[in-house]
2 protein chains.
Amino acid sequence: MIGSGNLATQLAKAFHRKGKNILQVVSRRREAAGLLAGLTGAKPVTDLQQLSRDADLYIIAVSDDAIPEIAKAVSLPDRLVVHTSGSVDQEVLKQVSDRYGVFYPLQTFSKTRDIDFSDIPVCIEASDEQCFDQLAALAGEISDDVRKVNSMQRQAIHLAAVFASNFTNYMYRCAEDILKSENIPFDIIRPLIRETAKKAGQQSPALTQTGPAVRNDRRIIEKHLQLLKNDPGKRELYAIISELIARNNPKNF
Amino acid sequence: MIGSGNLATQLAKAFHRKGKNILQVVSRRREAAGLLAGLTGAKPVTDLQQLSRDADLYIIAVSDDAIPEIAKAVSLPDRLVVHTSGSVDQEVLKQVSDRYGVFYPLQTFSKTRDIDFSDIPVCIEASDEQCFDQLAALAGEISDDVRKVNSMQRQAIHLAAVFASNFTNYMYRCAEDILKSENIPFDIIRPLIRETAKKAGQQSPALTQTGPAVRNDRRIIEKHLQLLKNDPGKRELYAIISELIARNNPKNF
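Residues numbered from 1 in each chain as written. Chains lettered and ligands numbered in written order. Predicted model: local features only at pLDDT ≥ 70, side-chain atom pairs only at ≥ 80, totals over all residues. Heavy atoms only, no water.

Student: Is there a simple way to think about the sheet that holds strand S4 (residues 80–83) of chain B in this case?
Tutor: Hydrogen bonding along the main chain pairs the strands of a sheet, whether they run parallel or antiparallel. Residue and element names in this part refer to chain B. Here we have five strands laid out as an open sheet, ordered S3-S4-S5-S6-S7, and mixed in their pairing. The sheet is open, and its two borders are formed by strand S3 (57–60) and strand S7 (146–148), each paired with just one other strand. Geometrically, the sheet is characterised by an average inter-axis angle of 25 degrees between neighbouring strands, direction not taken into account. With five bridges connecting them, strand S5 (residues 99–105) and strand S6 (residues 122–126) associate as antiparallel partners. Across the sheet, residue Val-102 finds its bridge partner in S6, namely Glu-125. Here helix H5 (residues 151–181) sits on the sheet and contacts S4, S5, S6 and S7; the angle it forms with S5, its principal contact strand, is near 25 degrees. (Pairing = 2+ DSSP bridges. Helix = DSSP H or I, 4+ residues; strand = E, 2+ residues; numbered from the N terminus. Axes fitted to C-alpha atoms, helices over the stretch in contact; angles between N-to-C directions. Contact = heavy atoms within 4.5 Å.)

This is how it looks when you write it as structure tokens:
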């Protein structure tokens, strides 16, 4: 396992739980490498020069920017090498080995929240059929949802994930800020967040849009913009999303 | 019950389940009034002139725009009258009775998804202490989370709900559109949506922001903007939210 961040941590732990032998955790961050190695029975390594040649699979689970760097620094002919990025081309690994691929689990990870991978889609791309089969079999040991995904699709999935998770979290944060301004605890809105996500789990979100924008209720929209007058960022955000929602609803025209 | 929409339906059914006697369902929409009346053992009424004088409580659960209209049309001196809006001032009911208030359950409702009110916050505002106590007692029969909320707070809650629910649903919809453009089914992103909402149920979203914007990863941001080049609306939305997220993260400056 090359990397010791959120995804590296959750992935190494998940494979360890399935009885896989993690040989090394390789990371320049000595403390993080030591911690994750300790949790997974691996050897911590801080220098790429000490990378073992004996692994069946090398997982490069580092930030996107660091992948080319690592690819340049190591050569592992004939070894199966993958990265875990939603956006980086798999060809970056061509210089490392002629057996390479992408192992992209679609989820948001943190170090401290342990993740059950079983329902997490793992998107696989590989340099050839044989590598694909190996990666799919391995992914199948931790997840029930393994998918063959090409580069363009993976990019679209990553972009969709930014909307569905990162931007959604920012919407939650805006709600938190607004509530705070009137001394209302965030927990008041949690059942609503839960139900909204639950709906999206059962129906197409195109069919469940509610609120002033989809009704094109100008009175409420103006009132809300007025409430946000001292927060130009949120005000602009409110205006633009409302316009997009209204525009997307044919009933308004 | 005056109204036969999503909230009127769910609220009438919830009170009916608790053994409350719903006298009438009043709605100009004959079919909807008949349906909801049938479900709750009430009498359907399509003309406000036939409004019973015998109810202990009158719930005006109609669209915001229709509340003043109804308030003008009925006079119920000494009867307790509430509306259910997040944004409309309670004083609009002054002309109906001198005992009035607001009964605002914070949730997203649809007619077909039956809602368990027990964990839904019900925000109560009332013309006087005695009305408040009566409304709080009634709310307490369907919900374990009854809160005293003033007008300014209720407006803030409604605005926060637009971000946390309506706008969040729109983020889901953007994700769905993006996936569709590469023929990927929406279900691939559902575990991510679930986990993102779950995190917000346990932590402050200010602490759980992830993604390219909070890392100020310009390379990915540019790549995503490029992917959205044929969709100016989503492109602008992506740019603005990313900028707000980056700006909110002190690490980037």
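Structure's up, so let's keep going.
Student: Whenever I open this one, helix H1 (residues 6–17) of chain A confuses me. Can you help?
Tutor: Residues spaced three or four apart along an α-helix point in a common direction, a consequence of the helix completing one turn every 3.6 residues. Residues and elements named next belong to chain A. Taking 1.5 Å of rise per residue, the 12 residues of H1 would be expected to cover 16 Å, and the 17 Å separating its terminal C-alpha atoms lies within 8% of that figure. With nine of 12 residues buried, H1 lies mostly within the body of the structure. Those residues of H1 lying buried are Leu-7, Ala-8, Thr-9, Gln-10, Leu-11, Ala-12, Lys-13, Ala-14 and Phe-15. Residues of H1 that are buried in the fold lie against helix H2 (30–40), strand S3 (57–60), strand S5 (99–105) and helix H4 (129–142). At the exit of H1 stands Gly-19, carrying a positive phi of roughly 85 degrees. (Expected span 1.5 Å × (residues − 1). Buried < 20%, exposed > 50% of the residue type's maximum accessible area, 1.4 Å probe, protein only.)

Student: So what exactly am I meant to see when it comes to the packing of aromatic side chains here?
Tutor: When we look at a pair of aromatic rings, we describe it by the centre distance and by the angle of the planes. Inspection of the entire model under this criterion finds 10 aromatic pairs over all chains. An angle of 25 degrees between the planes, with centres 5.7 Å apart, marks the rings of A:Phe109 and A:Phe117 as stacked. In this structure, A:Phe109 and A:Phe117 share a single accessibility class: buried. Pairwise contacts between aromatic rings join A:Phe163, A:Phe167 and B:Tyr238 into one cluster. Above the ring of A:Phe132, the side-chain terminus of A:Lys148 is found at 4.6 Å from the ring centroid. (Phe/Tyr/Trp six-rings, centres within 6.5 Å; stacked < 30°, edge-to-face > 60°. Lys NZ or Arg CZ within 6 Å of the ring centre and 35° of its normal.)

Student: Any chance you could explain unusual backbone geometry here in plain terms?
Tutor: When glycine is set aside, most residues are seen to have a negative phi, and most peptide bonds are trans. All names here are of chain B. A positive phi angle, near 75 degrees, is found at Asp-78, a position not held by glycine. Relative to the helices and strands, Asp-78 is located in the loop between helix H3 (66–73) and S4. For Asn-183, which is not glycine, the phi torsion reads 60 degrees and is therefore positive. What makes Asn-183 exposed here is its relative accessible area of 69%.

Student: Help me understand the interface of chain A and chain B, please; the structure alone is not making it clear to me.
Tutor: How large an interface is tends to be reported as the accessible area lost when its parts come together. If you look at the interface, chain A gives 88 residues, while chain B gives 88 residues. Around 8800 Å² of area is buried between chain A and chain B when both sides are counted, 63% of it from carbon and sulfur atoms. Counting the surface chain A buries against chain B, the share from its top three residues, A:Arg113, A:Phe163 and A:Ile188, is 8%. Across the chain A-chain B interface, the total number found is 36 residue pairs in polar contact (both at pLDDT 80 or more). Of all the elements in the fold, those that place two or more residues in the side of chain A that touches chain B are helix H5 (151–181), helix H6 (190–202), helix H7 (218–227) and helix H8 (232–248) of chain A. Tallying contributions element by element places H5(A) first for the side of chain A that touches chain B, with 26 residues. Residue composition of the side of chain A that touches chain B, by class: 45 nonpolar, 24 polar and 19 charged. (Buried area = accessible area lost by both parts, 1.4 Å probe. Polar contact = N/O pair within 3.5 Å; in protein donor to acceptor, adjacent residues only side chain to side chain. Nonpolar A, V, L, I, M, F, W, Y, C, P; charged D, E, K, R; others polar.)

Student: Looking at this model, I keep getting lost on the domain arrangement of chain A. Mind explaining?
Tutor: Residues and elements named next belong to chain A. As assigned here, chain A comprises domain 1 (6–149) and domain 2 (154–252). The straight-line distance from the C-alpha centre of domain 1 to that of domain 2 is 35 Å. At the junction of the two partners, domain 1 supplies 14 residues and domain 2 supplies six residues. Both sides of the domain 1 and domain 2 interface together cover about 740 Å² of buried area, and 54% of this is carbon and sulfur. (Domains from an automatic or database assignment.)

Student: What's the story with the relation of the copies chain A and chain B in this structure? I'm lost.
Tutor: The operation relating the pair of chain copies consists of a rotation about an axis and a translation along that axis. Overlaying chain A with chain B gives an RMSD of 0.0 Å, the required rotation being 180 degrees about an axis along which the chain moves by 0.0 Å. Here the transformation between the copies is reduced to the relation of a two-fold axis. In terms of proximity to the rotation axis, the leading residue of chain A is A:Thr168, whose C-alpha is 2.6 Å off the axis. The share of interface residues of chain A whose copies in chain B are also at the interface is 100%, consistent with both copies meeting through the same surface. (Least-squares fit on C-alpha atoms with pLDDT ≥ 70 in both.)

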